[in-house]
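Architecture at a glance
One-letter residues, chain by chain:
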Amino acid sequence: MEDYGLLAILVFLIFLLTVGLIITKKVEFVRALPAFGIVTAILAGTPITGSEYSIADYVIVKGATTLAEPMFIYILSVMLAIFIVEFKLDESINHLCLKYLQNNLKGILWVVAILTIIVSSIITNFSSIILIAIIFMPILLKIGFNKQGSVVLLLLSSAIGSCLNPGYHILYANLLSWNIDKVKDFYYIMAVVGVIALVFYIFLNSKYVKDIESIDYEQKNIKVNWQGLCTIFIPFIAVFGFKLNIETGLILALSYGFLAMGSKQPFMDMLELLKVSIYKSTKVIILLSSVGIFMHAVKTPEVVELMAPLLLHLMPKSPTQCLLFFTILSPLVLYKGPFNLQGMGAGLSAVIISSTSMNPMVLGMALLSLNNLRKMMDPLDVQNIALMQYVDVDTNLVIKKILPYALSINYIMLFYALVAVV
């Protein structure tokens with residue numbers, strides 16, 4: 001058992017070293033993560049072949065393709081983004097925002113935040129925040145927000161929307177084997193705390209919004225293309241109104257867009273746009289493939305069995321220890337770590353909760369709180385990869401800026417978990 005524990009400690013230390021190298025940019029995580037995942041699986045005793053959870057089949061093949069749907073959605077989102085720019089629909093959006101909010105440009109921040117919350121509360125995948133970024137990122141940059149500030153605004157708002165999203169309630173209720181009403185109640189309270197954090201963020205950063213006089217804006221020379229702008233609303237109508245998936249909504253939007261803009265060969269134009277978008281999405285496709293391999297590696301039964309005893313030994317035994325433990329070690333929810341319910345924690349959470357000497361409700365709430373933090377900060381979260389690659393922003397700068405808000409929300413919700421559960 002001691003050797004078994006030492007091996008788990010070794011794996012844990014290698015994990016921390018890998019994360020450190022990625023953060024300091026000594027090594028690209030597109031190389032580091034799959035390598036770490038495969039090495040971990042080998043050390044844990046996962047068979048190379050001949051098993052349902054073998055390294056060859058489950059980790060590499062299924063892992064590389066497990067995020068195929070997000071890859072396809074990202075390509076379609078890039079197609080829509082290119083379409084909007086090529087037909088200058090972004091200029092129409094900028095014009096409308098400046099025209100109707102020229103006396104209160106800070107109101108644009110609230111419009112973007114509220115729309116992001118609404119869309120994220122209904123669409124359960126990352127496409128919601130990408131669509132908002134495609135539509136509003138140009139105007140956020142125009143009124144004075146830099147890329148990092150704009151991305152943080154979107155991430156905070158998206159995290160609030162996720163707390164209200166029924167899809168996430170069902171997902172985490174199943175992972176934790178909870179009654180869904182318990183998950184809802186906890187997430188609704190977290191949404192309120194998130195709104196408070198968002199208000200503080202906008203209040204502290206609204207000073208960067210420019211005056212209308214300092215913006216290069218000539219109202220009378222811009223003609224709004226209303227027919228083209230309808231393209232932007234089609235994905236939302238398809239998802240919200242007709243309950244179609246977002247992929248279908250994006251395809252319908254692009255099909256309508258080419259027809260509305262007078263394309264004589266809409267099918268061929270879409271294929272040409274698809275070719276360009278795949279080329280522009282290559283980096284994201286590779287990143288998501290690497291993340292998928294890592295996710296599958298750390299969720300194999302052998303890795304879970306290896307790491308569970310170490311984590312159970314580290315688990316807090318009292319409410320005070322719990323508060324300190326999940327505050328200090330909150331970074332372990334990042335990089336698909338042991339507290340990440342969509343990474344290593346997917347296999348470990350049930351073991352930890354069922355074996356702990358503390359009230360399992362407290363630990364369950366702690367994990368839910370940490371995974372909301374993960375959604376805002378994890379560089380390996382599908383949403384964050386897509387958003388930061390699309391905006392072309394330094395991940396570490398975004399994390400540094402959002403860190404105090406994310407940790408504050410996490411700390412308040414941990415405190416709530418301790419005082420609310422008797």
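Above this text you will find the structure in question.
So, here is what we can say about the structure in this document. (Residues numbered from 1 in each chain as written. Predicted model: local features only at pLDDT ≥ 70, side-chain atom pairs only at ≥ 80, totals over all residues. Heavy atoms only, no water.)

**What to know about the nonpolar core**
Residues Leu153, Phe326 and Leu387 are the most contacted members of the largest nonpolar core, which totals 137 residues. Residues contacting Leu153, with those up to four places away along its chain left out, are Leu109, Val112, Ala113, Leu140, Leu198, Tyr201 and Ile202. (Core = buried A, V, L, I, M, F, W, Y, C linked by side-chain atoms within 4.5 Å. Buried < 20%, exposed > 50% of the residue type's maximum accessible area, 1.4 Å probe, protein only. Contact = heavy atoms within 4.5 Å.)

**Some thoughts on the environment of Leu250**
On the secondary structure map, Leu250 appears in helix 12 (residues 246–260). On the accessibility criterion, Leu250 (0% relative accessible area) is buried. Excluding its chain neighbours within four sequence positions, the residues that come into contact with Leu250 are Ile73, Leu76, Ser77, Leu80, Leu131 and Pro235. (Helix = DSSP H or I, 4+ residues; strand = E, 2+ residues; numbered from the N terminus.)

**Brief notes about the packing of helix 10 (residues 180–205) against helix 20 (residues 395–420)**
Contact geometry of helix 10 with helix 20 gives a least axis separation of 10 Å together with a crossing angle of 150 degrees. With respect to helix 20, the axis of helix 10 lies roughly antiparallel. As helix 10 packs across helix 20, the resulting crossing turns out to be right-handed. Where helix 10 approaches helix 20, its residues Phe186, Ile189, Met190, Val193, Gly194, Ala197, Phe200, Tyr201, Leu204 and Asn205 are matched on the opposing element by Lys401, Tyr405, Ile409, Ile412, Met413 and Tyr416. A breakdown of the residues in the contact of helix 10 with helix 20 according to their chemical character gives 13 nonpolar, two polar and one charged. (Axes fitted to C-alpha atoms, helices over the stretch in contact; angles between N-to-C directions. Parallel < 35°, antiparallel > 145°, perpendicular 65-115°, else oblique. Left-handed = near helix turned anticlockwise from the far one by under 90°. Nonpolar A, V, L, I, M, F, W, Y, C, P; charged D, E, K, R; others polar.)

**Section: the pattern of salt bridges**
In the structure shown here, the tally under the stated rule is one salt bridge. As a salt-bridge pair, Glu272 and Lys275 come within 3.5 Å of each other at their nearest N and O atoms. Of this pair, Glu272 and Lys275 both sit in helix 13 (residues 266–280), three residues apart, which is roughly one turn of that helix. The exposure class assigned to Glu272 is partly exposed, which follows from its relative accessible area of 43%. Judged by relative accessible area, Lys275 falls into the exposed class, the value being 53%. (Salt bridge = Lys/Arg side-chain N within 4 Å of Asp/Glu carboxyl O.)

**Regarding unusual backbone geometry**
Unlike most non-glycine residues, Lys88 shows phi in positive territory, near 60 degrees. In this structure, Lys88 sits in the loop between helix 4 (68–86) and helix 5 (89–100). Although it is not a glycine, Asp392 sits at a positive phi angle of roughly 60 degrees. Considering the arrangement of structural elements, one finds Asp392 in the loop between helix 19 (382–391) and helix 20.

**Digging into the packing of aromatic side chains**
For the structure shown, the criterion picks out eight aromatic pairs. Their ring planes at 45 degrees and their centres at 4.7 Å tell us that Phe83 and Phe87 sit as a pair that is tilted. A relative accessible area of 28% means that Phe87 is categorised as partly exposed. Here Phe87 and Phe258 contribute two aromatic rings whose centre-to-centre distance is 6.4 Å and whose plane-to-plane angle is 85 degrees, an arrangement assigned as edge-to-face. Residue Phe87 is located in the loop between helix 4 and helix 5, and its partner Phe258 is located in helix 12; the two are separated by 171 residues in the primary sequence. For Phe258, a relative accessible area of 6% corresponds to the buried category. Three or more aromatic residues joined by ring pairs form one cluster here, namely Phe83, Phe87 and Phe258. (Phe/Tyr/Trp six-rings, centres within 6.5 Å; stacked < 30°, edge-to-face > 60°.)

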